[in-house]
Amino acid sequence: MNYLTILTLAQGPTPELMSGVTLYHYLAVSAAMFVIGLIGFMTRRNLIIMFLCTELMFQAAGIALIAFSRFHLNHSGESFVIFVLTVAAAEAALALGLVILLFRRKETLDGTRWTELQG
Amino acid sequence: MDLLVSPILLYGACALGGLGVAFALPRKRVSPFILGALVAAIALGALFIGLGVRYPDQIPNIHFYVFAFISLGGALRVITHARPVYAALYFVLTILASCGLYLLLSAEFLAFALVIVYAGAILITYLFVIMLATEGPTSDAVGALNEYDRVSREPVIATIAGFVLLGGLTTALAVGSSGLTPNTAAMVREQPLAVMPKKVEKALREAKTPDGKPLIQPGERLALASDKVRDVLAAANVIKADQWPLIMPRNHQGEPAYAINAQPTLATGVSADGWLVLTDDKGTMRVLPRSQWPSDLYLSNTEGVAFDLIDAHPGAIEIAGVILLMAMIGATILGRKKVDMDEAARAEAAAKLRQFSDLGQHLGDQAPFVSPAEAQGAAAGSTR
């Protein structure tokens, strides 16, 4: 129906309602992106790429939040994405500081070299 | 239980996608990334086609498919590319495509915030760290990839675990979202207009009626909600007088606000799509129904997010501030900390440098990358 028209952006007066099936499209993309991030976190051995994969998972959560926010036509999901961005920024600062420390200690970014940390 | 598509298609797409991702992950011998990405894309496309065939009138707009494929392809490349810098740049591509999805979902403010914060700030930090924390070239492979970037850890098991999770997630989401119906009563996005009289009056003053005359007279302004407004609205047959306590515009302290209501007046039997009441200097009032409002009078996305953030989540803002402060302090402390290399790594680095300087002598004077003295110094001292 509306697949060839550009959907009314929020700058339009009242956006049209979104059906549950349309919502599901966005949620499926979000779930797939989350799982790709998860697989990356488990398989990659480079510490920096592992943290990049957590950012990918944050991003997937953001898409789901925005999709629900659009579906219910309120702004709570969007405000929550702002907090997700905050946490992602804080996490990036701390994680990258840690990565630098770990790199100085072993001169390598290989995560499998830190197996003595296991409990 | 409604899965929206047939279970065979849903789980088949998950399995096929898992196969594609497992193919695409870097491994010892040649990893067929193109083939893997193609298989995963076919799986995603099959799911979308299945949804589109069953619900042809509810599919999203065509730009959704473009952005979805670009963002997921970028994400796949982030976890499969062997060079960290390229992986980070593909992450930027994923972010930009996600911004496209945000725009389709009417979240402009966050789309641009995402470009600025993620693509602009966080990713640059990542790139700097990747370049700071890169090992020097080794003798056997100058400029080649590190072994831990070329070979991934347990790709098959991780992919199976991930895609079993994806199967569960998509099933749950399908069952859940098939039961959801859009709630028209929740359309309160424009209610904050009642506390923004300056914005409303500016839009009204700039507006013209179809025959070119100004929409409102110079002395007219937005009226405050009062009993007189109620009588005017009831006389114009926009509301019924007994509804007034329910729908009177109020500010956040519950006091009467400016007489504007962008909501369809519910449960009335009167077909008014929203209204505002103007008053002039003499106190005469008139109703402007929503159909006559200027087209640029609405709450923009940025204003909506701002109202929601400040009005509904003030405590969360404080907590976010504390988190950022803690992260700043923590990063500063971590950055100042002096770390010694551990024994094994030090020995390894020394061996590497020795081998490397030997290689330089073999090559003659052509490539003395590291002098033996420097090598000794670097190996003995702690690195900062």
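Residues numbered from 1 in each chain as written. Chains lettered and ligands numbered in written order. Predicted model: local features only at pLDDT ≥ 70, side-chain atom pairs only at ≥ 80, totals over all residues. Heavy atoms only, no water.

**Notes on the overall build of chain B**
The helix and strand tally for chain B stands at 14 helices and four strands. Per-residue burial over chain B gives 44% buried out of 384 residues. At a minimum sequence separation of 6, the contacts of chain B that also span at least 24 residues come to 63%. Carbon and sulfur atoms form 65% of the exposed surface of chain B, whose accessible area is close to 19,900 Å². (Helix = DSSP H or I, 4+ residues; strand = E, 2+ residues; numbered from the N terminus. Buried < 20%, exposed > 50% of the residue type's maximum accessible area, 1.4 Å probe, protein only. Contact = heavy atoms within 4.5 Å. Areas by Shrake-Rupley, 256 points an atom, 1.4 Å probe, with all protein chains shown as cover.)

**Observations regarding the overall build of chain A**
From N to C terminus, chain A includes three helices and zero strands. From first element to last, N terminus to C terminus, chain A shows the α and β order α-α-α. Each of the 119 residues in chain A was classed as buried or not, and the buried ones make up 67%. Carbon and sulfur atoms form 71% of the exposed surface of chain A, whose accessible area is close to 3,900 Å².

**Section: the packing of aromatic side chains**
If you walk through the whole model with that rule in mind, you get seven aromatic pairs over all chains. Consider the rings of F80 of chain A and F83 of chain A, whose centres lie 6.4 Å apart with planes at 80 degrees: the pair is edge-to-face. Highlighted residues: F80 of chain A and F83 of chain A, both in helix α3 (residues 76-106), separated by three residues, approximately one helical turn. We classify F80 of chain A as partly exposed; its relative accessible area is 46%. F83 of chain A gets classed as buried once you look at its relative accessible area, which sits at 13%. Taken together, a centroid distance of 5.5 Å and an interplanar angle of 65 degrees make the contact between F48 of chain B and F64 of chain B edge-to-face. In this pair, F48 of chain B is assigned in helix α2 (residues 33-54) and F64 of chain B in helix α3 (residues 62-80), connecting sequence segments 16 residues apart. An aromatic cluster is defined as three or more aromatic residues linked by ring pairs; in this entry it consists of Y26 of chain A together with F48, F64, Y65 and F69 of chain B. It is R77 of chain B that lies over the ring of F33 of chain B; its NZ or CZ is 3.9 Å from the centre. (Phe/Tyr/Trp six-rings, centres within 6.5 Å; stacked < 30°, edge-to-face > 60°. Lys NZ or Arg CZ within 6 Å of the ring centre and 35° of its normal.)

**Considering the pattern of salt bridges**
Residues and elements named next belong to chain B. Across all of its chains, the model carries ten salt bridges over all chains by this definition. With its nearest N and O atoms 3.3 Å apart, the salt bridge here joins D281 to R221. Of this pair, D281 sits in the loop between β3 (275-279) and β4 (285-289) while R221 sits in strand β1 (residues 221-222), and the two are 60 residues apart along the sequence. Under the relative-accessibility criterion, D281 is labelled exposed at 64%. Across the pair R230 and D231 runs a salt bridge whose closest N-O atoms are separated by 3.3 Å. Owing to a relative accessible area of 25%, R230 belongs among the partly exposed residues under this scheme. Connected via shared salt-bridge partners are D227, R230 and D231. (Salt bridge = Lys/Arg side-chain N within 4 Å of Asp/Glu carboxyl O.)

**Some remarks on a nonpolar patch on the surface**
All names here are of chain B. A cluster of nonpolar side chains, contributed by L16, L19, F23, L35, L38 and I42, occupies part of the molecular surface with about 530 Å² of accessible area. Elements with a contribution of two residues or more to the nonpolar patch: α1 (7-24) and α2. Structurally, L35 is set in helix α2. Residue class for L35 comes out partly exposed when judged on its relative accessible area of 44%. (Patch = residues over 30% accessible without salt bridge, like charges linked within 9 Å, V, L, I, M, F, W, Y side chains within 5 Å.)

**A closer look at the interface of chain B and chain A**
At the interface, 116 residues of chain B touch 95 residues of chain A. Our count for the chain B to chain A interface comes out at zero salt bridges. Here the side of chain B that touches chain A gets 14 residues from one element, more than from any other, and that element is helix α5 (residues 108-132) of chain B. Considered class by class, the residues forming the side of chain B that touches chain A number 74 nonpolar, 26 polar and 16 charged. (Nonpolar A, V, L, I, M, F, W, Y, C, P; charged D, E, K, R; others polar.)

**Considerations on the state of the cysteines**
Following the criterion strictly, the structure yields zero disulfides over all chains and no others. Free cysteine: C14 of chain B, not disulfide-bonded; nearest cysteine sulfur from C53 of chain A at 19 Å. As a non-bridged cysteine, C99 of chain B has C53 of chain A as the owner of its nearest cysteine sulfur, 19 Å distant. (Disulfide = S-S within 2.5 Å.)

**Some words on the nonpolar core**
Within the largest apolar cluster, 95 residues are counted, with the highest numbers of intra-cluster contacts made by L52 of chain A together with F64, I79, L110 and Y118 of chain B. Setting aside chain neighbours within four positions, we find Y118 of chain B in contact with E55, F58, Q59, L85 and A88 of chain A together with F91, I95, A113 and L123 of chain B. With 19 residues, the next largest nonpolar core counts L193, V200, L276 and L288 of chain B among its residues. (Core = buried A, V, L, I, M, F, W, Y, C linked by side-chain atoms within 4.5 Å.)

**Some words on the packing of helix α1 (residues 20-43) of chain A against helix α4 (residues 84-104) of chain B**
When two helices pack together, you describe them by how their axes are tilted relative to each other and by the distance separating the axes. As a packed pair, α1 of chain A and α4 of chain B sit with axes 12 Å apart at the nearest point and diverge in direction by 160 degrees. The pairing of α1 of chain A with α4 of chain B is recorded here as roughly antiparallel in orientation. Between α1 of chain A and α4 of chain B lies a crossing of left-handed hand. Contact residues: α1 of chain A offers Y26, V29 and M33 of chain A, while α4 of chain B offers T94, S98, L101 and L104 of chain B. A class-by-class count of the residues in the contact of α1 of chain A with α4 of chain B yields five nonpolar, two polar and no charged. (Axes fitted to C-alpha atoms, helices over the stretch in contact; angles between N-to-C directions. Parallel < 35°, antiparallel > 145°, perpendicular 65-115°, else oblique. Left-handed = near helix turned anticlockwise from the far one by under 90°.)

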